[in-house]
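# Notes for the structure review
Okay, here's what each chain looks like letter by letter:
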Amino acid sequence: MPLPPALRLRPPGPFDAEIRPPGSKSLSNRALLLAALADGRSTLKGMLDAEDTQHMRACLGALDVDVHEGSDGVLEVHGHAGRFRSPPPVPTLDVGTAGTVARLLGAALAASPVHVVLDGSARMRERPMAQLLGALAQQGAQLRFRGEPGLLPVEIGPNDEPLRGGEIRLERPASSQIVSGLVIAAGLAKTPTRIVLERGTPAKPYVDMTLAVMEAFGGRASWEGDDVLVIEPSRFCPIDYVVEPDASAASYPLGLASLYGGRCRVPALGRASLQGDVRFADVLERMGARVSQGSHETTVEGTGTVEGGDFDLTDMPDMTLTLAALALRARGSTRIRGVEILRHHESDRLAAAAAELRKLGATVVEQPDGLDIEPPADGPRLGVEVDTYRDHRMAMAFSLVGDVVVRDPACVGKTWPEYFSVLRKLGMVVGSA
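In this report, the structure presented in the accompanying data block is examined.

The sheet contact formed by strand E4 (residues 66-69) and strand E5 (residues 75-78) spans four bridges and is antiparallel. What sits directly across from Glu-69, in E5, is Leu-75. Hairpin geometry of E4 and E5 is characterised by an intervening segment of five residues between the two adjacent antiparallel strands and by a positive phi of about 85° at Gly-73.

Below is the structure:
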């Protein structure tokens, strides 16, 4: 059912629920890409079906990759046995707002004998690509910018020769996706590649995720110390792959339980997860929730109160908005740091969060790498209309506030189209506003 332009919410009553978020967006798009590069037929189970993965599938289809969905939702991907080849005439591939598609697929295309144009939404045309494209050009990729240098749209190819390999040196990247894109491209290079991260990388667990998915498909990439990656040219193998539930999405129902004294269990997602955001359960525990987390399940039971604190979210920056929403009802102030990369996501998430928190009554100091939040003494203002900036995480995170109106709720279609249906089952959806 289509969502209205604005949705009025209320806090949930007591609940004890088992909630299974959709498949991880990050794992889904990595698995799709590597299956497309593999030599033969892969099956992908538990895949996310949302805007970001739909853009990846559409781009792969334009490259003549056969992706078939069975009646059970399992995808069959018939890979190209290595580098992509583009059909004539020169296609334009639309990545929408999907950074994983722009950077990971874009890097694989730059390593392939293709001639394509890569483009995206107005916001995606603003997001950082220069470090990735510059490194690929140094490796021999043929790239021509159709607009501002270092940004989409970019014409890729024709690239007749593989990337050369050797050493790539990067200042601290604007996104871990830049590193992940280079790792995947290096798997298609002529010789081994060493990527030297001169000042590390933000969101390192996402790079670890890329290495793990590559290894599952037969790739060879590993860390050499803390800040050097070594990647061998690989022939990717077809496999049967199961995608975990999305740990970033799980933070919202788990946060609801923590905030309102409910109990939420998320199956198939625990400490064995490849996703760094699964550790947000530790943040909720620090804030006062009772947390039980096994290898493959997570349960959070709230006490009805949450405590503020000082939180370094360098390794899980996507948890910033969830924590910011919880901070509105916390006892004491909350400091969030280490998340400067959020300036360049679907919105400037630090500026957007600060603006909406102030509307709700909080005192907020916006830092270059985070937020200092002092909650309102009498709780959040009631019935405030929250702007979401076309950003799915803004909509999902600020729904935790409870008595709010969420504008443009349909933006959650990027990663969890059924999110507000889940809230409806918890009694939170009043109706359109």
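With that settled, consider the pattern of salt bridges. Two side chains carrying opposite charge are able to pair once their charged atoms lie near each other. Inspection of every chain in the model, using the stated rule, returns 38 salt bridges. In this structure, Glu-167 and Arg-169 form a salt bridge, with 3.0 Å as the shortest nitrogen-oxygen distance. Between Glu-356 and Lys-359 there is a salt bridge, with the nearest N and O atoms lying 2.8 Å from each other. With Glu-356 and Lys-359 both in helix H10 (residues 349-359), this residue pair falls three residues apart, about one helical turn. Three or more residues are tied together by salt bridges with common partners; here these are Lys-25, Asp-52, Asp-318, Glu-346, Arg-349, Asp-391, Arg-393 and Lys-414.

What follows deals with helix H3 (residues 99-110). In an α-helix, one turn spans 3.6 residues, which is why side chains three or four residues apart end up on the same side. With 12 residues, H3 should reach 16 Å at 1.5 Å per residue; the first-to-last C-alpha distance of 16 Å fits that figure. Summarising burial for H3: 12 of the 12 residues are buried, a large majority. Restricting attention to buried positions, one finds in H3 the residues Gly-99, Thr-100, Val-101, Ala-102, Arg-103, Leu-104, Leu-105, Gly-106, Ala-107, Ala-108, Leu-109 and Ala-110.

Our next topic: the environment of Ser-234. Along the chain, the position of Ser-234 falls in the loop between strand E13 (228-232) and strand E14 (240-242). For Ser-234 and Lys-190, which are 44 residues apart along the polypeptide, the C-alpha to C-alpha distance reads 9.7 Å. If sequence neighbours within four positions are ignored, Ser-234 has contacts with Gly-187, Gly-218, Gly-219 and Arg-220. In terms of polar contacts, Ser-234 uses its side chain to reach the backbone amide nitrogen of Arg-220, at 3.2 Å.

Rules used throughout
- Residues numbered from 1 in each chain as written.
- Predicted model: local features only at pLDDT ≥ 70, side-chain atom pairs only at ≥ 80, totals over all residues.
- Heavy atoms only, no water.
- Pairing = 2+ DSSP bridges.
- Helix = DSSP H or I, 4+ residues; strand = E, 2+ residues; numbered from the N terminus.
- Salt bridge = Lys/Arg side-chain N within 4 Å of Asp/Glu carboxyl O.
- Expected span 1.5 Å × (residues − 1).
- Buried < 20%, exposed > 50% of the residue type's maximum accessible area, 1.4 Å probe, protein only.
- Contact = heavy atoms within 4.5 Å.
- Polar contact = N/O pair within 3.5 Å; in protein donor to acceptor, adjacent residues only side chain to side chain.

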